[in-house]
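Single-letter residue listing:
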Amino acid sequence: MADPLSGKRIAYTHTGTQAEELAQQLVMLGAVPLALPVPNPPLLDEPALKLGLEHREDYAALVFDGATVVQEARATALKLGLTSRDFAGAMMIARNRRTHQALEAWGVDARTVGALPTRARVLVLGGGRKDPFEDLSAAHIDQVPDIRPPLYSAATLTAISQGIDALALIGRHAPHGLSALIDRLPPDVGDVLAAQGVVCVGVDTASAAELYGFDLAELASPPTLPGLIQALARFVTA
């Protein structure tokens, strides 16, 4: 009788020895492992982010370039003693649907990119360069750029675009890294990952996954590599 994982394309967050062991086990079971190049947090420079949030009233708008950026801004705001109410007077702009949902989950009003006053000063949170923000009709753009973006190859894009059967998250930072990867992938490729329910090792990873907007498909029990293999098998045969 064939193993339920045979021929299945299993994506997993590639950090640590446990991920390497998972890949070896998947190959032995006939599956096709796909390592995702997820970065460890933080994505943004925290001192620059703190400075931007402290001076939020100096800007006509705050533009959030990704759901991961929202989560880091939210955590940094908490360290500064700021709540969603402290951003009630600010124009909060989301770059896409995932970002908009993350801002709403924070409890702030958000809108998508649109016309701004031509001499507006805007703070862009996230991204690696300013040229994606030419649709902002602002005379001055400040930016808190990515300092640790995910580094992926054309081969990774091709592999993801071919589709996956399951997505495994290993480690408490895995949801953050996966979210950062989705934010920085081309939208059509990122949507392949974002549409997946996730299989998690450990309650902490599962809780973080839900915080980042991922649907929990299966929880490995026990939270071990064999438990993860069993959880993946349950998921692909459900």
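First things first, this report covers the structure right here in the doc. (Residues numbered from 1 in each chain as written. Predicted model: local features only at pLDDT ≥ 70, side-chain atom pairs only at ≥ 80, totals over all residues. Heavy atoms only, no water.)

## A few points about the packing of aromatic side chains
Aromatic ring pairs: the centre-centre distance and the angle between the two ring planes describe each pair.
Part 1 of the argument: According to the stated counting rule, one finds one aromatic pair in the structure shown.
Part 2 of the argument: With a centroid separation of 5.1 Å and an interplanar angle of 55 degrees, the aromatic rings of Phe 87 and Trp 106 are classed as tilted. Here the residue Phe 87 occupies a position in the loop between helix H3 (67–79) and strand S4 (92–94), and Trp 106 occupies one in helix H4 (residues 97–106), the gap between them amounting to 19 residues. Judged on exposure class, the residue Phe 87 and its partner Trp 106 are both buried. (Phe/Tyr/Trp six-rings, centres within 6.5 Å; stacked < 30°, edge-to-face > 60°. Helix = DSSP H or I, 4+ residues; strand = E, 2+ residues; numbered from the N terminus. Buried < 20%, exposed > 50% of the residue type's maximum accessible area, 1.4 Å probe, protein only.)

## Considering the sheet that holds strand S1 (residues 9–13)
Two orientations exist for strands paired in a sheet by backbone hydrogen bonds: parallel and antiparallel.
Part 1 of the argument: An order of S2-S1-S8-S9-S10 is seen for the five strands of this open sheet, with the pairing classed as parallel. In this open sheet, the two edge strands, each paired with only one partner strand, are strand S2 (32–36) and strand S10 (216–219). In this sheet, adjacent strand axes meet at a mean angle of 30 degrees when their direction is disregarded.
Part 2 of the argument: As paired elements, S1 and strand S8 (residues 166–170) share three bridges and run parallel to each other. (Pairing = 2+ DSSP bridges. Axes fitted to C-alpha atoms, helices over the stretch in contact; angles between N-to-C directions.)

## Section: the packing of helix H2 (residues 46–54) against H3
Geometry of a packed helix pair, given as the angle between the helix axes and the separation of the axes.
Part 1 of the argument: For the pair H2 and H3, the least separation of the axes is 10 Å and the interaxial angle reads 70 degrees. By the angle between their directions, the pair H2 and H3 is classed as roughly perpendicular. Residues Glu 46, Leu 49, Lys 50 and Leu 53 of H2 form the contact with H3, whose participating residues are Glu 72, Ala 73, Thr 76, Ala 77 and Lys 79.
Part 2 of the argument: Its residues placed into classes, the contact of H2 with H3 shows four nonpolar, one polar and four charged. (Parallel < 35°, antiparallel > 145°, perpendicular 65-115°, else oblique. Contact = heavy atoms within 4.5 Å. Nonpolar A, V, L, I, M, F, W, Y, C, P; charged D, E, K, R; others polar.)

## Section: unusual backbone geometry
Part 1 of the argument: Residue Pro 42 is reached from Pro 41 by a cis peptide bond, and omega for that bond is 0 degrees.
Part 2 of the argument: With respect to the helices and strands, Pro 42 occurs in the loop between S2 and H2.
Part 3 of the argument: Cis geometry marks the peptide bond from Ser 221 to Pro 222; its omega dihedral reads 5 degrees.

## A closer look at the pairing of S8
Part 1 of the argument: Counting buried positions over the five residues of S8 gives five, a clear majority of the element.
Part 2 of the argument: Here S8 shows a buried face lined by Ala 166, Ala 168 and Ile 170 and a second buried face lined by Leu 167 and Leu 169.
Part 3 of the argument: For S8 and strand S9 (residues 198–201), the ladder comprises three bridges, and the chain directions are parallel. Looking across to S9, one finds that Ile 170 is bridged to Val 201.

## Here's the deal with a nonpolar patch on the surface
Part 1 of the argument: Together, Val 203, Leu 216 and Leu 219 line one region of the surface with nonpolar side chains, adding up to about 230 Å² of accessible area.
Part 2 of the argument: As for its placement among the helices and strands, Val 203 is situated in helix H8 (residues 203–211). (Patch = residues over 30% accessible without salt bridge, like charges linked within 9 Å, V, L, I, M, F, W, Y side chains within 5 Å. Areas by Shrake-Rupley, 256 points an atom, 1.4 Å probe, with all protein chains shown as cover. Salt bridge = Lys/Arg side-chain N within 4 Å of Asp/Glu carboxyl O.)

## Details of the environment of Gln 196
Part 1 of the argument: Looking at the secondary structure, you find Gln 196 in the loop between helix H7 (187–194) and S9.
Part 2 of the argument: Along the chain, Gln 196 and Leu 80 lie 116 residues apart, while their C-alpha atoms are 34 Å from each other.
Part 3 of the argument: Apart from the residues lying within four places of it in its own chain, the contact partners of Gln 196 are Ile 164, Asp 165, Ala 166, Leu 167 and Phe 235.

## Things to note about the side chain of Asp 183
Part 1 of the argument: Position of Asp 183 among the secondary structure elements: in helix H6 (residues 174–184).
Part 2 of the argument: Since its relative accessible area comes to 14%, Asp 183 is described here as buried.
Part 3 of the argument: Here the side chain of Asp 183 touches Ala 67 through a polar contact of 3.1 Å, landing on its backbone nitrogen. (Polar contact = N/O pair within 3.5 Å; in protein donor to acceptor, adjacent residues only side chain to side chain.)

## A short note on the nonpolar core
Part 1 of the argument: Ranked by size, the top nonpolar core spans 24 residues in total, and within it Phe 64, Phe 87, Met 92, Leu 103, Trp 106 and Leu 125 carry the most contacts.
Part 2 of the argument: Only H2, strand S3 (61–64), H3, S4, H4 and strand S6 (120–125) provide two or more residues apiece to this core.
Part 3 of the argument: The element contributing the most residues to this core is H3, with five residues.
Part 4 of the argument: In contact with Leu 103, not counting residues within four places along its chain, are Phe 64, Val 70, Met 92, Ile 93, Ala 94, Val 108 and Ala 110. (Core = buried A, V, L, I, M, F, W, Y, C linked by side-chain atoms within 4.5 Å.)

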